[in-house]
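One-letter residues, chain by chain:
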Amino acid sequence: MQSKTLSSKGLFSPALFRNDLVRFWPLWALYLVMWLLMMPAFQFLELFGHGGWGNTADMQTYAMSEVASMVTGGALAMSVGFGCLFAMALFSYLTGTRAVGFVHALPTRREGLFLTHYLAGAAVFLGTHALTALLTALVWSAAGLGKLWIIGLWFLSATGQMLFFYSFAVLCAALAGQMLAIPVFYGVFNCLVYGVTNLIWMLCQLLLYGWTNPADPALVVWLTPVNKLARLSWDRWNYSRGSEEYWRILQSGLGTVGVYALVGVMMAVAALLIYRRRHSESAGDTVAMSWAKPVFRYGVGVCAALSLGQLLYIILWDAFGRTGQSTVALLLCMAVLGLVGYFAAEMLLQKSFHILKRSWKGSVALAAALILACVALELDIPGVERRVPVAEEVQSVEFRLYGQDSVYGDSEDPEMIDHFLTLHQMLVEERPTDSNWDEDALYGSVNLDYTLKNGAHLRRNYSFTISPSEIEAHAALAEQLTELARDREVWQAYMEERFEPGRLMTVEMYLDSENRTLTFEGDTAREILAALKKDIEAGHAGAYTFDSEGWQANTYSTNLSFYYRTPEDTGNGAYYNGGSYSEDVRFSKDYTYLLAALEKAGVDTEDLMTYQKYYDGDYEKYGKEVYYKNQYTEEIQAIPVPDDLTPEIASGDAAVIGGADGPTAVYVG
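Residues numbered from 1 in each chain as written. Predicted model: local features only at pLDDT ≥ 70, side-chain atom pairs only at ≥ 80, totals over all residues. Heavy atoms only, no water.

Novice: Which residues make up unusual backbone geometry, and what values do they have?
Specialist: The phi torsion at K351 lies on the positive side, around 55°, for a residue other than glycine. Looking at where K351 falls in the secondary structure, it is placed in the loop between helix 13 (327-350) and helix 14 (356-378). The phi dihedral of D380 is positive, around 55°, even though this residue is not glycine. Structurally, D380 is set in the loop between helix 14 and strand 1 (394-402). (Helix = DSSP H or I, 4+ residues; strand = E, 2+ residues; numbered from the N terminus.)

Novice: Could you give me a rundown of helix 20 (residues 592-600), with the residues and numbers involved?
Specialist: Among all positions of helix 20, only L594, L595, A597 and L598 are buried. Summarising the axial view, the buried residues of helix 20 lie within an arc of 160°, below the 170-degree limit, and thus occupy one face. Backbone geometry just after helix 20 places G602 at a positive phi near 105°. (Buried < 20%, exposed > 50% of the residue type's maximum accessible area, 1.4 Å probe, protein only. Arc of directions from axis to C-beta.)

Novice: Account for the pattern of salt bridges, naming residues and giving values.
Specialist: One pass over the full model with this rule turns up 11 salt bridges. With its nearest N and O atoms 3.1 Å apart, the salt bridge here joins K351 to D285. In this pair, K351 is assigned in the loop between helix 13 and helix 14 and D285 in the loop between helix 11 (243-277) and helix 12 (292-319), connecting sequence segments 66 residues apart. Residue D285 is classed as buried on the basis of its relative accessible area, which comes to 17%. The closest approach of N and O atoms between R459 and D449, which form a salt bridge, is 3.2 Å. Separated by 10 residues along the polypeptide, R459 in strand 4 (residues 457-466) and D449 in strand 3 (residues 442-452) bring together distant segments of the chain. (Salt bridge = Lys/Arg side-chain N within 4 Å of Asp/Glu carboxyl O.)

Novice: Requested: an account of a negative patch on the surface, with residues and values cited.
Specialist: Taken together, the side chains of E398, D410, E412 and E496 define an acidic patch exposed on the protein surface. With respect to the helices and strands, E412 occurs in the loop between strand 2 (406-411) and helix 15 (414-430). Residue classification places E412 among the exposed positions, given a relative accessible area of 56%. (Patch = residues over 30% accessible without salt bridge, like charges linked within 9 Å, V, L, I, M, F, W, Y side chains within 5 Å. Areas by Shrake-Rupley, 256 points an atom, 1.4 Å probe, with all protein chains shown as cover. Lys, Arg positive; Asp, Glu negative; His and termini not counted. Charge placed at Lys NZ, Arg CZ, Asp CG, Glu CD.)

Novice: Lay out empty space enclosed by the protein in plain terms, naming residues and giving numbers.
Specialist: Evaluated as defined, the whole model comprises 3 cavities of 30 Å³ or more. Put simply, the largest cavity is a space of about 80 Å³. As for the largest cavity, its lining consists of 13 residues, of which D405, G542, A543, W551 and Y591 are closest to the centre. Per-class residue counts for the lining of the largest cavity are 6 nonpolar, 5 polar and 2 charged. (1 Å grid on protein atoms, 1.4 Å probe; cavity = no way out; pocket = protein on both sides within 12 Å on 5 of 7 lines; lining within 4 Å. Points joined across faces, edges and corners; volume = space filled by probe spheres on them. Nonpolar A, V, L, I, M, F, W, Y, C, P; charged D, E, K, R; others polar.)

Rendered as C-alpha cells:
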C-alpha cells in the first residue's frame, strides 16, 4: 500500500518538507525579516522618509551604493551566519540516537531524506531573496529610479553565496555526530587553509634566516571563501570610474560568486554521498565517518603544535629575556603541544580518558614527524636561506635600507639590481645576527622584494646588530651597506615617486630650539625641494645611515616634512578634496644646497641642533626654557600665582595644579 505522506519513488517527501517549514519557522522568519529591514524597508525610509532628494541622479547613486553594500558585506555576513544555522536546524536529527533512528525508519530512501531537508533550506532562502528583490524593485520604481539590474545583481550574489555556505554547512553536518561539532567544523574549515599557511610561515620566520612572509597565494585566498568574497568591491566609487570599468568589475565579481556556487553544488553532492554511507549508530560521535577519524586526530595534533606550540615557545622566550633563539626549545614546545592536541582529539573520538594503550604508536609518529619537519627547516634542506636569484631572473627589485635613517624605493636598472644581489649574497654568507645590542654597534635592516621575470616574488628581510668587536669580520658587508646607503641612484629612486614638484603643497620644519613650526609654500617650497634634489645628485645623502657616531655629530634633530596632494586611484590626474600625504626627510651638515635654500627662506641654520648637541644638554639648558616660555606665557599672565603655593612647588621649575573637576593651570617658578 502506497504511503499517503511519502513520495512513491522515495526521492522527496512532501510531508517531511512541510514539517521542516513549519517546525523551524522562527528561523525562516528571522532570515526574512532581516533582509526586508536591510533592503526594501531601509530603501523606503531613505528615499521617502526625508522629503525626497534634490535630483534623481544623486538619489540613484546613493540607493545603488546602499544596495551594492548589501551585495558584498551584507550578503556575505548573512550567508556565513544563516548558512550554518539552516544546516544545524534541518540536519540536527543526525546528532541524536532516537531522532536519527526514527527518521531513518521512515519508508523513504536515504537520498529522499537528504534531498527533502536540503531543498527545504534552499526553498526558504530562494523565496526570501525573490520577495526581497521584488519589494526593493517596487520601492525603486515608486521613487522613479531605473537600473533595476542592480537589484538583480544583489539577488544573484546573495543566492550564490548562500548556496555555497549552506552546502558547506550541510557537508559539515554530514561529517559531524554532535550538534556542537557542526559549527566548530564549519568555522575551522572556513579558515583552515589560511590559518595553517600563516602558522607555517611563522615557523619559517623562527627557523629560516631572512624569511619574510610572501603575499597570500591565489590558491590560499580561494580556499578561504570569506576572505575571497570579502575582497569583492561593488560600490559607488567603482561606479564612478565609468560604465565599462564598472561592468568589468561586476562581471569579475559575479564570476567569483558563480565559482563558489558551483563548488556549493559539488559540496551538496559530496554531503549526499557521505549521508548514504553514514551509520545511524554514529549519532553522538564527534566524527561520524571512520575514514575521517585519523584525519581529525592528526589534524588536531598538527594544528595544536603549530599554534599552541609556537605560542608557548614565544612566551617562554620572552620570559627569559630573548637571550637567543633555541631550536631545541622550539622542538620541545611543538612536540609537547602537538601530543596534547593529539590525545585530546583521541579522547573526543573514543569518549574516554583511557586512550594511551591504543594511541601511543600514533603519538610517537606525530612527534617524530613534527621534529623531522623542524629539523629540515633548521638545516635549510629546502635551500630557502641560500636562495639568491641570479641577475637574469630578476625583473625589478624593491628595497628598503634602514639604520639611523632609511631609504627605500624600487628599480629595474640592471646595475642597481646587481648591487643588491651582491649585498644579498653577503648577508646569506655572513649571517649577521640581531642579538648583540651595543650603543656603538652598526645596526639596521635590509628588506628586499624581487619581482622575477616569471611573475613570482622573492622576499627577504635581514635585521642585524654588528658590535664593534665584530665589525672587522663583517668589514666587507659594512662597506657594501654604506656604499648603497649613499648611492645617488638609490636616493634618486627614493625621490622619483615620492617627491613630485607638481603635487607639492607645503614644506614644514619644526625647530626644537624655538618650539615652533615654520611653513614654506609656493616658490619657496619648490626651491627647498629642488635644493634637496641637488644634494642627492651630489651624493650628500645617506652618509651616516650605518654610522651612529657620525649621525649623532652631523645630523640635525629637526626634520623637513613635504606635503603633497593625493592622486585619485583612477590615475586621470584628479585629486580627492583635501587628500594629502607627507614625506619626512632628515638632513645633515652635508646638505649644503638645502642649508643654503633654508637660509634664503629666512632660517638661521646656526640655531639648528645636531643630535649630539641635543642630547648633550643644550636642550635641557636652552631648548627647554624656550619651550616653557613659548608654551605657557599666556597662561602665566592670565592666572596669578596663589599666595598659598607650597615651597616645594614654588621652588621648582613648573607645577601643574588642577584635575578632572576643574581647570588645569601651569605655573613656572
